[in-house]
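# Inside the fold
For reference, the chains in residue letters:
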Amino acid sequence: MQIYSSIPELRAALKNRGRIVFVPTMGNLHAGHISLMKEARAHGDTVVASIFVNPLQFGPSEDFNSYPRTFDADCQKLEAAGVDILFAPTVKDLYPEPQEYVVDPPAIQNLLEGEFRPGHFQGVATVVLKLFNIVQPAVALFGKKDYQQLMVLRNMTRQLALPIEIVGGETVRAEDGLALSSRNGYLSPDERAEAPRLHRVLTRIRDAVLQGERDFAKLEKEAAAELDSHGWQTDYVAIRQQADLQPPQSADIPLVILAASRLGKPRLIDNLEI
Ligand code: PAF
């Protein structure tokens, strides 16, 4: 695997590499990332990954400085997963001057995650558009665990007519159901034992909806109350339309249940499509 931090060197290395498939990450890679890297191989000729902890997408009280950085271990995993090229710029490489031109996503950026992380999706969309311009992939893969992020990036790609196919990879879970996330590493052993409750409450809501329950507000409230009574601080449990993440106009369309809740230090997110 070749590793580049400089944009001109990466661009030179990407000449004549056929159809480029890109998997952007912030590092601290787990099996969820690795499954995206392996899936990437099927979509083109050259698999490019990036590792960049993007300051633009962290709020002032968030964990930018303490976000786990595990570069050497990440490189070994990427190499083993068959990644051809890793782009790992420093903040100065990617933002040599203050990033004043930004992508400002529409109202979807203020829903759900956006309500609790103002500016987050502007930071994500800006860095991803910049990475797309640098790597110029034909295909890019993102995990469905960050469901709203995937939707923001899909919509950006479509509306700005970027010639890139966006592929969503399925969430990878531990045996007990916990969605894999770099932030799971912040959990104490007791919290780790408690954490699968998030997936359990989502599964229970999905089963109730499939069995005909239509009082969505009640399902959301009960799920948040269950989490909070077990030591969580829940930001939201929400049943939404898959198409636009708005509250459902009907129960007979594809729905998704999304949740975000803090357990100890980490704020965990998860979702389940119905
Ligand atoms: O999902 C992530 O790891 C990040 O939000 C992304 C897409 C790499 C942008 O920094």
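First, a word on what this report is: a plain description of the structure on this page.

Definitions and limits used
Within each chain, residues carry numbers counting from 1 in the order of the written sequence. Where local features are concerned, this predicted model is filtered to residues with pLDDT of at least 70; where side-chain atom pairs are given and counted, the filter is 80 or more; whole-chain, interface and lining totals use all residues. In computing side-chain values, all of the structure's heavy atoms are included and hydrogens and water are not. Accessibility here uses a 1.4 Å probe with only protein chains present; expressed as a share of the type maximum, an area under 20% marks a residue as buried, one over 50% as exposed, and anything in between as partly exposed. The helix and strand labels rest on DSSP assignments: H or I over at least four residues marks a helix, E over at least two residues marks a strand, and numbering proceeds from the N terminus. Criterion used throughout: strands pair if DSSP finds at least two bridges between them. The pairing test for Phe, Tyr and Trp rings, Trp by its six-membered ring, is centres within 6.5 Å, and the orientation test on the planes gives stacked under 30 degrees, edge-to-face over 60, and tilted for anything in between. Two conditions define a charge sitting above a ring: the NZ of Lys or the CZ of Arg must be within 6 Å of the ring centre, and it must be within 35 degrees of the ring normal. To be clear, the arc concerns the directions from the helix axis to the C-beta atoms. Any pair of residues with heavy atoms lying within 4.5 Å of one another is described as a contacting pair. Orientation is described by axes fitted as lines to C-alpha atoms, over the contacting stretch for helices, and by angles from 0 to 180 degrees between their N-to-C directions. Any residue with a heavy atom positioned within 4 Å of a molecule or strand is treated as near that molecule or strand. Polar contacts, as counted here, are pairs of nitrogen or oxygen atoms within 3.5 Å of one another; within protein the pair requires one atom able to donate a hydrogen and one able to accept it, and residues that are adjacent in sequence qualify only if both atoms are side-chain atoms. All accessible-area figures derive from a Shrake-Rupley calculation using a 1.4 Å probe, and residue coverage is judged against the displayed protein chains alone. By the convention adopted, Pro, Cys, Tyr, Trp, Phe, Met, Ile, Leu, Val and Ala count as nonpolar, Lys, Arg, Asp and Glu as charged, and the other residues, Gly among them, as polar.

This brings us to the pairing of strand S8 (residues 255–262). Burial within S8 is extensive, with 7 of its 8 residues counted as buried. Sheet topology places strand S7 (residues 233–241) next to S8; 8 bridges connect them, and they run antiparallel. Residue pairing for S8: Gln-241 is matched across the bridge by Leu-255. Sheet topology places S8 next to strand S9 (residues 267–273); 7 bridges connect them, and they run antiparallel. Within S9, the residue paired with Ala-260 across the bridge is Ile-269. The antiparallel hairpin formed by S8 and S9 contains 4 residues in its connecting segment, where Gly-264 sits at a positive phi of about 65 degrees.

Looking now at the packing of aromatic side chains. By convention here, two paired aromatic rings are described through the distance between centres and the angle between planes. Inspection of the entire model under this criterion finds 6 aromatic pairs. For the ring pair Phe-52 and Tyr-95, a centre distance of 5.8 Å and an interplane angle of 65 degrees mean the geometry is edge-to-face. On the criterion of sequence distance, the pair formed by Phe-52 in the loop between strand S3 (46–51) and helix H3 (71–80) and Tyr-95 in the loop between helix H4 (91–94) and helix H5 (113–116) is long-range, its members being 43 residues apart. Relative accessible area serves as the criterion here: at 5%, Phe-52 is assigned to the buried category. Its relative accessible area of 8% is what places Tyr-95 among the buried residues. Put simply, the rings of Phe-22, Phe-132 and Phe-142 pair up and form one aromatic cluster. Here the basic side chain of Arg-69 rests over the ring of Phe-64, its NZ or CZ set 4.9 Å away from the ring centre. Seen from the ring of Tyr-186, Lys-265 lies directly overhead, with NZ or CZ sitting 3.6 Å from the centre.

The subject of this paragraph is H3. For H3, the complete set of buried residues consists of Asp-74, Cys-75 and Leu-78. Looking straight down H3, one finds that the buried residues subtend no more than 100 degrees of arc, so they occupy a single side. Across H3 from its buried face, at more than 90 degrees, point the exposed residues Asp-72, Gln-76 and Ala-80. Turning to H3, the residues buried within the fold contact strand S1 (2–4), helix H2 (31–41), S3 and strand S4 (85–87).

So, about the sheet that holds strand S6 (residues 165–169). Reading across the sheet, the 6 strands line up as S1-S4-S3-S2-S5-S6 and stay open at both edges, with parallel pairing between neighbours. This sheet does not close on itself; its edge strands, each paired only once, are S1 and S6. Averaged over all pairs of adjacent strands, the angle between strand axes in this sheet comes to 25 degrees, irrespective of strand direction. Note: S3 against S4, 3 bridges, orientation parallel. Residue pairing across strands places Val-48 opposite Ile-85, the latter belonging to S4. Sitting on the sheet, H2 is in contact with strand S2 (20–25), S3, strand S5 (139–143) and S6, with an inclination near 170 degrees to S2.

The next point concerns the site of the ligand. Around the ligand lies a shell formed by Pro-24, Thr-25, Met-26, Gln-57, Val-127, Val-128, Phe-142 and Gln-149. In this structure, an oxygen atom belonging to the ligand sits 2.6 Å away from a side-chain N or O atom of Gln-57. Gln-149 places a polar side-chain atom, nitrogen or oxygen, 2.7 Å from an oxygen atom of the ligand. Contact with the protein chains covers 88% of the free accessible surface of the ligand, which is 280 Å². Elements supplying a minimum of two residues to the shell around the ligand: S2 and helix H6 (120–135). For the shell around the ligand, the per-class residue count stands at 5 nonpolar, 3 polar and no charged.

Geometry only, nothing functional implied.
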